[in-house]
Amino acid sequence: MEKLRTRQILDYLREKKTCTLAELMKKFKVSSATIHRDVLELTRRDAVSAVRGGLVFNDAPAERRSASEYSERIVTNRAAKVTLARKALDTVAEGDILFLDSSTTIYELAMLLKSAAFVHLTIVTNSVSILQNFRKFPPHWVLIGLGGNYDPQLNSILGAAALEQLRRINITKAYVSAFGVDDRTVTTNHERQAELIRTVIDQASKRYLLVDHSKLGRTGLYRLSARGAFDAIFTDR
């Protein structure tokens, strides 16, 4: 009966495009707990998106929406991200082996490095955006792109293969971002990204966190590390 109802909810949303939870409860004569369970199943399947006050039917495939979301994150708070990147650039030294994560904040650091006056740097990354732009970097620099599974939402490479490769690499300095930083912990909402960043933190000699003010005081689902695990935290406030 539950599977039939979720199909009926999906058909209803496909026609209406958006609706409230109260509307669904009235339409299908079920309790709040029941409708929340059905909605959770549909969001897990990426068939609908939960928004403030209700649901939206997902017309576009997940890959297209993920690409759009990543493009939106690139421009969100960009001025603050560039400010953080400029601060972090001062910690890079000639001959460093750098890990740059796949966040849009660290992407800004990569773009500044591209024009910096270093003779030799090695960059290790799981960021597809950085990999795609590496042809613009000095030709004598070394790039190591991690292998693994492509995640369209993060535009990054993740998974067991990436973790295995990371454990064989020496990293002098790691630059990462996060979903949130509270009084004690640094967190993200992506489980596989959390696994990769925790591995990076273990491998690197020095660790730097770049987070704009929108990340401060909020907490994600998965723990990356304690705040004290970083040699410095760069923020615009």
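Higher on the page you've got the structure.
Residues numbered from 1 in each chain as written. Predicted model: local features only at pLDDT ≥ 70, side-chain atom pairs only at ≥ 80, totals over all residues. Heavy atoms only, no water.

Caption draft 1: Representation of the overall build of the protein chain in the model. Of regular secondary structure, the protein chain possesses nine helices and 14 strands. In the protein chain, which comprises 237 residues, the share counted as buried stands at 48%. Of the roughly 12,100 Å² of accessible surface on the protein chain, a fraction of 51% belongs to carbon and sulfur atoms. (Helix = DSSP H or I, 4+ residues; strand = E, 2+ residues; numbered from the N terminus. Buried < 20%, exposed > 50% of the residue type's maximum accessible area, 1.4 Å probe, protein only. Areas by Shrake-Rupley, 256 points an atom, 1.4 Å probe, with all protein chains shown as cover.)

Caption draft 2: How the structure looks around the packing of helix H5 (residues 78–89) against helix H6 (residues 104–114). Running from N to C, H5 and H6 cross one another at 55 degrees; their axes reach a closest spacing of 8 Å. Of the possible angle classes, the one that applies to H5 and H6 is oblique. As H5 runs across H6, the sense of the crossing is right-handed. Here Arg78, Lys81, Val82, Leu84, Ala85, Arg86, Ala88 and Leu89 of H5 lie close against H6, whose contacting residues are Thr104, Thr105, Glu108, Leu109, Leu112 and Leu113. Considering only residue class, the contact of H5 with H6 consists of eight nonpolar, two polar and four charged. (Axes fitted to C-alpha atoms, helices over the stretch in contact; angles between N-to-C directions. Parallel < 35°, antiparallel > 145°, perpendicular 65-115°, else oblique. Left-handed = near helix turned anticlockwise from the far one by under 90°. Contact = heavy atoms within 4.5 Å. Nonpolar A, V, L, I, M, F, W, Y, C, P; charged D, E, K, R; others polar.)

Caption draft 3: Local environment of the sheet that holds strand S6 (residues 142–145). The sheet built from six strands is open, its strands ordered S6-S5-S4-S9-S12-S14 with parallel pairing. The open sheet has two free edges, formed respectively by S6 and strand S14 (232–234), since each of these has just one partner strand. Taken pair by pair, the neighbouring strands of this sheet meet at an average axis angle of 20 degrees, ignoring direction. Alignment of strand S5 (residues 122–125) against S6, held across four bridges, turns out to be parallel. Bridging across to S6, Thr125 finds its partner in Gly145. Along the sheet, H6 contacts strand S4 (97–100), S5, strand S9 (171–176) and strand S12 (204–210); its crossing angle with S4, the most-contacted strand, is approximately 145 degrees. (Pairing = 2+ DSSP bridges.)

Caption draft 4: The pattern of salt bridges, seen in detail. The final tally for this structure, using the stated rule, is eight salt bridges. Notably, a salt bridge pairs Glu108 with Arg78, separated by 3.0 Å at the nearest N-O pair. Separated by 30 residues along the polypeptide, Glu108 in helix H6 and Arg78 in helix H5 bring together distant segments of the chain. (Salt bridge = Lys/Arg side-chain N within 4 Å of Asp/Glu carboxyl O.)

Caption draft 5: Up close: the packing of aromatic side chains. A full pass over the atoms with the stated rule returns five aromatic pairs. Relative to Phe137, the ring of Phe134 lies with its centre 4.9 Å away and its plane at 20 degrees, an arrangement referred to as stacked. Residue classification places Phe134 among the buried positions, given a relative accessible area of 13%. (Phe/Tyr/Trp six-rings, centres within 6.5 Å; stacked < 30°, edge-to-face > 60°.)

Caption draft 6: Quick look at the packing of helix H2 (residues 21–28) against helix H3 (residues 32–44). H3 packs onto H2 with a crossing angle of 110 degrees between their chain directions and a minimal axis gap of 10 Å. One finds that H2 runs roughly perpendicular with respect to H3. Residue-level contacts link Leu21, Leu24 and Met25 of H2 to Ser32, Ile35, His36 and Val39 of H3. Across the contact of H2 with H3, the residue classes tally to five nonpolar, two polar and no charged.

Caption draft 7: Expanded view of H5. For H5, spanning 12 residues, the distance from its first C-alpha to its last is 16 Å, which sits close to the expected 16 Å at 1.5 Å a residue. Where H5 is concerned, the buried positions are Ala80, Lys81, Val82, Leu84, Ala85 and Ala88. (Expected span 1.5 Å × (residues − 1).)

Caption draft 8: Region of the structure containing the nonpolar core. If you look at the biggest cluster of nonpolar residues, it comprises 25 residues, and the most contacted ones within it are Phe99, Leu146, Leu166, Leu196 and Leu209. Mapped by element, the contributors of at least two residues to this core are helix H8 (160–166), S9, helix H9 (191–203) and S12. Counting residues per element, this core draws most heavily on H9, which supplies five residues. Leaving out residues up to four positions away in the same chain, Leu166 has contacts with Phe99, Val124, Leu146, Ile171, Leu196, Thr199, Val200 and Gln203. In this structure, Val92, Leu98, Ile106 and Tyr208 belong to the second largest nonpolar core, which totals 23 residues. (Core = buried A, V, L, I, M, F, W, Y, C linked by side-chain atoms within 4.5 Å.)

Caption draft 9: View of the environment of Arg5. By secondary structure assignment, the location of Arg5 is in helix H1 (residues 2–16). Classification of Arg5 as buried rests on a relative accessible area of 9%. Residues Arg5 and Ile35 lie 30 residues apart in sequence; the distance between their C-alpha atoms is 9.6 Å. Sequence-distant contacts of Arg5, that is, excluding residues within four places in its chain, are made with Phe28, Val30, Thr34 and Asp38. Within the local environment of Arg5, its side chain forms a polar contact with the side chain of Asp38, the two groups lying 2.5 Å apart. (Polar contact = N/O pair within 3.5 Å; in protein donor to acceptor, adjacent residues only side chain to side chain.)

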